[in-house]
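Structure at a glance
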Amino acid sequence: MIKAVLRILDATKGFFRWLGADYEILRHIVELKFIMQNRRPMAAFSNYNSRNANQDPNNSFWWMVGILSFFGLFMGILLFVVDVPYYAYSLPFAYIMIMSMMTLVTDFSTLLLDTTDNAILLPRPVNSRTILLARLVHITTYVLILSFGIAFFTIVFTLFKYGIIAFLACIISVILLAILSVFFTALLYILLMKFTSEERLKDIISYFQIAFTMLVTVGYQLVGRVFDWLDLENLQTTVQAWHYALPPLWMSGAMEMAIKYNFSFGYFAVLAVLVPLASLWVLVRFLAPGYNEKIAQLGTGDGGGAEKTVNQKRHGFVSWLASKVTSTPLEKATFELSWKVTSRDRRFKMRTYPSLGSLIPMVFILGKNIFDPSEWQNLSGGYSFLLIAYMGHIISATFHSQTIFSEDFKAAWVYFATPNDSPRDVVMGNIKAVLLKFYTPFYLLISGFILFIWGPKAVDDLVLAYLMSWCLTFFEIISSSHLKLPFAKSPAEQKEAGQSMQILVFLLLLPLCGFGHWGLTFIPYALPVACVFAFFLARMLYQRYDKLTWEKFDL
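Residues numbered from 1 in each chain as written. Predicted model: local features only at pLDDT ≥ 70, side-chain atom pairs only at ≥ 80, totals over all residues. Heavy atoms only, no water.

Glancing now at the overall build of the protein. When helices and strands are counted, the protein shows 28 helices and zero strands. With 555 residues in all, the protein has 50% of them scored as buried. A sequence separation of at least 24 residues applies to 80% of the contacts in the protein between residues at least 6 apart. A total of about 27,700 Å² of accessible surface is found on the protein, and carbon and sulfur atoms cover 66% of it. (Helix = DSSP H or I, 4+ residues; strand = E, 2+ residues; numbered from the N terminus. Buried < 20%, exposed > 50% of the residue type's maximum accessible area, 1.4 Å probe, protein only. Contact = heavy atoms within 4.5 Å. Areas by Shrake-Rupley, 256 points an atom, 1.4 Å probe, with all protein chains shown as cover.)

Summed over the entire model, instances satisfying the criterion amount to nine salt bridges. Lys332 is the partner of Glu336 in a salt bridge, and the nearest nitrogen-oxygen pair spans 2.7 Å. Taken as a pair, Glu336 and Lys332 lie in helix α18 (residues 329-344) at a separation of four residues, close to a single helical turn. For Asp425, the salt bridge identified is with Arg424, shortest N-O distance 2.7 Å. Several salt bridges converge on common partners, so that one network encompasses Glu331, Arg424, Asp425, Lys432 and Asp546. (Salt bridge = Lys/Arg side-chain N within 4 Å of Asp/Glu carboxyl O.)

A cluster of nonpolar residues, Leu159, Ile164, Ile165, Leu168, Tyr261 and Phe263, forms a patch on the protein surface that exposes about 650 Å² of accessible area. Element by element, the count of residues in the nonpolar patch is highest for helix α12 (residues 164-195), at three residues. Secondary-structure assignment places Leu168 in helix α12. (Patch = residues over 30% accessible without salt bridge, like charges linked within 9 Å, V, L, I, M, F, W, Y side chains within 5 Å.)

The residue Tyr261 is not glycine, and still its phi comes out positive at about 55°. Summarising the element assignment, Tyr261 is placed in the loop between α15 (247-260) and α16 (266-297). For Tyr261, a relative accessible area of 53% translates into the label exposed.

In this section: α18. In this model, α18 (16 residues) spans 22 Å end to end at C-alpha, consistent with the 22 Å of a helix rising 1.5 Å per residue. All of the buried residues along α18 are Leu330, Glu331, Thr334, Phe335, Glu336, Ser338, Trp339 and Thr342. The inward-facing, buried residues of α18 abut α17 (317-325), α19 (346-352), α25 (424-454) and α28 (526-544). (Expected span 1.5 Å × (residues − 1).)

Note on placement: Ser173 falls in helix α12. If sequence neighbours within four positions are ignored, Ser173 has contacts with Phe93, Met251 and Met255.

This paragraph deals with the nonpolar core. Counting residues in each nonpolar core, the largest one holds 54 residues, and the members touching the most others are Leu68, Phe93 and Met255. Of all the elements in the fold, those that place two or more residues in this core are α5 (60-81), α6 (85-88), α7 (90-107), α10 (128-150), α11 (152-162), α12, α15 and α16. The dominant element in this core, judged by the number of residues it contributes, is α12, at 13 residues. If we ignore the near neighbours within four places in the chain, the residues touching Phe93 are Cys170, Ser173, Val174, Leu177, Pro248, Met251, Ser252 and Met255. If you look at the next biggest cluster of nonpolar residues, it comprises 48 residues, including Val426, Phe474, Ile477 and Leu548. (Core = buried A, V, L, I, M, F, W, Y, C linked by side-chain atoms within 4.5 Å.)

Attention now goes to the environment of Met99. Looking at the element boundaries, Met99 is found in helix α7. Spatially, the C-alpha atoms of Met99 and Ile150 are 8.5 Å apart, while their sequence positions differ by 51 residues.

What follows covers the packing of helix α26 (residues 459-478) against α28. Between two packed helices, what matters for the description is the angle formed by their axes and the separation of those axes. Two elements in contact, α26 and α28, have axes separated by 9 Å at closest approach and are oriented at 25°. Taken together, α26 and α28 sit at an angle that is classed as roughly parallel. Helix-helix and strand crossings are classified by hand; for α26 and α28 the assignment is left-handed. Taking contact as the criterion, the partners of Asp460, Asp461, Val463, Leu464, Leu467, Met468, Cys471, Phe474, Phe475 and Ile478 in α26 are, on α28, Leu527, Pro528, Ala530, Cys531, Ala534, Phe535, Leu537, Ala538, Leu541, Tyr542 and Arg544. Split into classes, the residues belonging to the contact of α26 with α28 amount to 18 nonpolar, no polar and three charged. (Axes fitted to C-alpha atoms, helices over the stretch in contact; angles between N-to-C directions. Parallel < 35°, antiparallel > 145°, perpendicular 65-115°, else oblique. Left-handed = near helix turned anticlockwise from the far one by under 90°. Nonpolar A, V, L, I, M, F, W, Y, C, P; charged D, E, K, R; others polar.)

The next subject is the confidence of the model for the protein. Averaged over all residues, the pLDDT of the protein equals 78, while 74% of them reach at least 70. Contacts for the low-pLDDT stretch residues 46-56, under 50 throughout, to residues beyond four places or in other chains number 18 contacts. Note that pLDDT drops below 50 for residues 300-308; the model gives that stretch twelve contacts with residues more than four away or on any other chain. (pLDDT = per-residue confidence, 0-100.)

This model, assessed by the stated rule, comprises 30 aromatic pairs. Taken together, a centroid distance of 5.8 Å and an interplanar angle of 35° make the contact between Phe265 and Phe268 tilted. The buried category is assigned to Phe265, whose relative accessible area is 3%. Its relative accessible area of 1% is what places Phe268 among the buried residues. Pairwise contacts between aromatic rings join Tyr439, Tyr443, Tyr466, Trp470, Phe474, Tyr542 and Tyr545 into one cluster. (Phe/Tyr/Trp six-rings, centres within 6.5 Å; stacked < 30°, edge-to-face > 60°.)

In this section: the packing of α17 against α18. As a packed pair, α17 and α18 sit with axes 9 Å apart at the nearest point and diverge in direction by 140°. Here α17 is positioned oblique relative to α18, judged by the angle of their axes. The interaxial crossing formed by α17 with α18 has right-handed handedness. Where α17 abuts α18, its residues Phe317, Val318, Ser319, Leu321, Ala322, Ser323 and Val325 lie against Glu331, Lys332, Phe335, Glu336 and Trp339.

To continue, consider α17. Those residues of α17 that sit buried are Val318, Ser319, Leu321 and Ala322. For α17, the angular spread of buried residues about the axis comes to 165°, placing them on one side. Among the exposed residues of α17, those oriented more than 90 degrees off its buried face are Phe317 and Lys324. In this structure, the buried side of α17 is in contact with α18. (Arc of directions from axis to C-beta.)

Quick look at the state of the cysteines now. Throughout the structure, instances matching the rule amount to zero disulfides. Cysteine Cys513 is unpaired, with the sulfur of Cys471 as its nearest cysteine sulfur at 8.1 Å. Given the relative accessible area of 18%, Cys513 is considered buried. (Disulfide = S-S within 2.5 Å.)

With that settled, consider the environment of Glu336. With a relative accessible area of 7%, Glu336 lands in the buried category. Along the backbone, Glu336 and Gly429 are 93 residues apart, and their C-alpha atoms lie at a distance of 8.1 Å.

Put into structure tokens, the structure is as follows:
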């Protein structure tokens, strides 16, 4: 890829010299940028990469293009299913633009916000225009490669079905969409840098990364259901006023004109050509220089910029809650530590939140009738809500398993420096923080939904399911052959961590509890008795933690 890009640059070096750049320096900068980009793991694979520290990252970009191209295959199939090009191309073009922009915001943020260009190159005999053009060449080439990778099957299917003219029109449309993606992304970054601080900007980008990774994770469930949502038998070409505000529909309208020679879509074709070209001019003339100035104001490197003193409130909600649910100062301190680290550590959130993306489609697949309002009347007499109630346990198990790992794991020596004979307070403080912060709010949310449909009769069922989740969490941790302290292991060790007990809970104990609970519903007054039993069982498992010793743990 790098050699091909450099050859194209060599063929157009006169153009860059005309723009005022030092071409030889620009060529070296672009080459180095691509080498750096191709070696950096992609955000969508961050959860996987954290477990595989020894993997070769040199093909991470091509893995990303390959996976997005695979999803693009399902979008391209629409060309053979839908005979109206205006609708057939709208979804593939929307997919290309959305994924290109999301990838730019998430995976490209490290290099887009990197100030080392200014810090290293500007003090040397390199003019700012050369640095600016090198940055634009890098970004534009990256987006073009990504866009054509996503649109590969759509372009090939277009040639196969509609011929060479539609094929060329599709290629041009992809290029124009790539230009719009770069424009909107640059505009987004400039607005964020104008109204937010550097740290807040990084937080916002991390949220984009989480959303993007979850989108990739659940995408395979959505693309297969597109055909169920479309009424293919009654499709009619109807242009609404709001269609003119959506760039993908401009491109699909241009394809409609190129394939069907329907010149009533000429307005879309004009918008599809003029708006991207105008945005490119605005990008080069106004946004790019302003963006470079904003980057320079961020400081040098990740730690640049002026330090700002932040006054923390010592006695807030977390401290109050910790004082109510913990019994010792060490347990309280661990509770607050786990609560705050899981809120502030971007790397923890990047490892943990995307993994929940695999849970979301399962909830809607297994419990799809529960979320269908037309089925609520029929469901209110049964106990299908137990499926969702017990699936909520996956939340607590997922988050707790991730609180074991941290990039700052070397600081875990402090646990062994505490003047306590037992690590019970450390382990229990972390468990309580996870269950109360992540599992309990989620469970209350689904409980409200269940009570809305099934009414008060489900109260004792919800109480029992909640208590059984605590029991399963206590049992899973205390019975594990690899006891671990919070944030005491490197993420690279995650693939080696013993998870046999978690697998046993998910595949055997959790379904067994669910079916046992369902069986109790046929016995009068069995559920209140079971709630009392579950409470004492949780208490017994809780007391087993008093027997923990430091010898069972290591760094």
